[in-house]
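# Overview (structure and organization)
Spelled out, the chains give:
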Amino acid sequence: MLVPERHKKIITIVNKNKTARVSELSKVLKVSEETIRRDLEKLETEGKLTRTHGGAFSTQEEEGDIPYFQREVMNQEEKMAVAREAIKLIKDDDIIFLDASSTALYLAKLLTNHKITVLTNSIRVTMELAGLPNVQVVVVGGNLSPTSLSLVGPLTVNTLERYHVNKVFFSCKGLHKQWGISDSNEQQAIVKRKMIEMADEKILLLDHTKLEKKAFAHIEKEDMLDTIIIDSQANKTYLQYFEEKNIAILYA
C-alpha cells in the first residue's frame, strides 16, 4: 500500500470512529506501530487529525455541534443574565481567559469599562474586544474551527501552556453529578481542560438547559470548580450536590 493511500485510510478510520489507537491502526493496515506513529505525526502537521498518547482523534466537526451564530441567539436572556453576574467577579488588572462559548461572548460585550488582559481562542470575542483601548487582547493560535469560530488543536494547547491567568470563564454542553463537565466536541474539551489547568480561579458559566446533561467529551470533574454561575431557572435541588463540594453557586 502506498503512503498516500495509507494516510487516506487512517483519516477515514479516525473520522469514522472519532478516535483510534496506534495498535489498532497497525493491525488493520498491516504496518509497524512505529510507521503508524510517523504517519500520525505527518497527518497532525497537515491538520488532518490530532495525536494523543497512544493514538489520535478526529479534527472533523462533530455533527452535534450547533453553528456559532445559531447558539448565540439561543437562551439569550439567560446567557446575558449569567454574564451580568459574572462581570461582578472581574476587577481591574485581572488577567482572564474567555473561551469560545456564546456565554463568554455576552460577557465580553460587558467589558467596556475594565482595564484587564483577556486571553482567548475565540474569533468572536476577539472582534468584540478589538475596539476597547483598556483591554489587552491575547489571541492563541491554532486551527480554525468554522462551526465555533475558534482556534483549536496542538498549537492552541501549546500556546496556553505559556500563560497564567487569574480567572477562567468558560461554558460547556453539560454538567452532571457523575460525568462532571463535558462538551460535544473533543477539540474544544482539550482546550478548555488546558485553560482550566493554567488558571487560579475556575468559573463555569451555564444556562439551566446544560444542567444534568452528559456530553460526548469529558473536560474535568466538577470538584475543580470554584464557582458556578447559572440562571434562576436552574434545578436548585440538583445544585445542592455541587454546593456540598464547596463550589459557590451564583444565581443570575
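Up top you'll find the structure we're talking about.
Reference entry: report on the structure contained in this document. (Residues numbered from 1 in each chain as written. Predicted model: local features only at pLDDT ≥ 70, side-chain atom pairs only at ≥ 80, totals over all residues. Heavy atoms only, no water.)

Here we take up the overall build of the protein chain. Assigned secondary structure in the protein chain consists of ten helices and 15 strands. At 19 Å, the protein chain has a C-alpha radius of gyration in line with the 18 Å of a compact globule built from 252 residues. By the burial criterion, 53% of the 252 residues in the protein chain qualify as buried. Put simply, of all contacts in the protein chain between residues at least 6 apart along the chain, 62% involve residues at least 24 apart. Approximately 12100 Å² of the protein chain is accessible, and the part contributed by carbon and sulfur atoms is 50%. Between the averaged position of the 35 positive side-chain charges in the protein chain and that of its 36 negative side-chain charges there is a distance of 5 Å. (Helix = DSSP H or I, 4+ residues; strand = E, 2+ residues; numbered from the N terminus. Rg over C-alpha atoms; globule rule 2.2 N^0.38 Å. Buried < 20%, exposed > 50% of the residue type's maximum accessible area, 1.4 Å probe, protein only. Contact = heavy atoms within 4.5 Å. Areas by Shrake-Rupley, 256 points an atom, 1.4 Å probe, with all protein chains shown as cover. Lys, Arg positive; Asp, Glu negative; His and termini not counted. Charge placed at Lys NZ, Arg CZ, Asp CG, Glu CD.)

With that settled, the discussion passes to the pairing of strand β11 (residues 180–183). Of the pairings in the sheet, the one linking strand β10 (residues 174–176) to β11 comprises three bridges and is antiparallel in character. If you follow L175 over to β11, its bridge partner there is I181. Counting the residues in the hairpin turn of β10 and β11 gives three residues. Summarising the sheet, β11 and strand β13 (residues 217–220) pair through three bridges and their orientation is antiparallel. Paired with I181 across the bridge in β13 is E220. (Pairing = 2+ DSSP bridges.)

Another point: the sheet that holds β11. Spatially, the three strands line up as an open sheet ordered β10-β11-β13, and their pairing is antiparallel. Edge strands, defined here as strands with exactly one partner in the open sheet, are β10 and β13. Between one strand axis and the next, the sheet turns through 35° on average, direction left out of account. (Axes fitted to C-alpha atoms, helices over the stretch in contact; angles between N-to-C directions.)

Another aspect to go through is the packing of helix α1 (residues 3–17) against helix α2 (residues 22–29). α2 packs onto α1 with a crossing angle of 130° between their chain directions and a minimal axis gap of 11 Å. As summarised for this structure, α1 and α2 are arranged oblique, according to the angle between their axes. For the element pair α1 and α2, the recorded crossing hand is right-handed. On the side of α1, the interface is formed by R6, K9, I10 and I13, while α2 contributes L25, V28 and L29. (Parallel < 35°, antiparallel > 145°, perpendicular 65-115°, else oblique. Left-handed = near helix turned anticlockwise from the far one by under 90°.)

A complete count under the given rule lists two aromatic pairs for this structure. Residues Y238 and F242 carry aromatic rings whose centres are separated by 6.0 Å and whose planes lie at 50° to one another, so their mutual orientation is tilted. Placement of the pair is Y238 and F242 together in helix α10 (residues 236–243), with a separation of four residues, close to one helical turn. On the basis of relative accessibility, which here comes to 0%, the residue F242 falls in the buried class. Here the aromatic rings of Y241 and F242 are separated by 5.0 Å at their centres, their planes lie at 90°, and the arrangement is edge-to-face. (Phe/Tyr/Trp six-rings, centres within 6.5 Å; stacked < 30°, edge-to-face > 60°.)

Right, let's get into the environment of S122. Positionally, S122 belongs in the loop between β5 (116–120) and α7 (123–129). Residue S122 is classed as buried on the basis of its relative accessible area, which comes to 0%. Along the primary structure S122 and S150 are separated by 28 residues, whereas in three dimensions their C-alpha atoms are 4.4 Å apart. Excluding anything up to four places from it in sequence, S122 contacts D99, A100, L149 and S150. At 3.0 Å, the side chain of S122 and the backbone nitrogen of V125 are in polar contact. (Polar contact = N/O pair within 3.5 Å; in protein donor to acceptor, adjacent residues only side chain to side chain.)

Our next topic: the side chain of D99. Looking at the element boundaries, D99 is found in the loop between β4 (95–98) and α6 (102–108). Within polar-contact distance, the side chain of D99 engages the backbone nitrogen of S171 at 3.0 Å. If sequence neighbours within four positions are ignored, D99 has contacts with A104, T120, N121, S122, V125, F169, F170, S171, K192 and M195.

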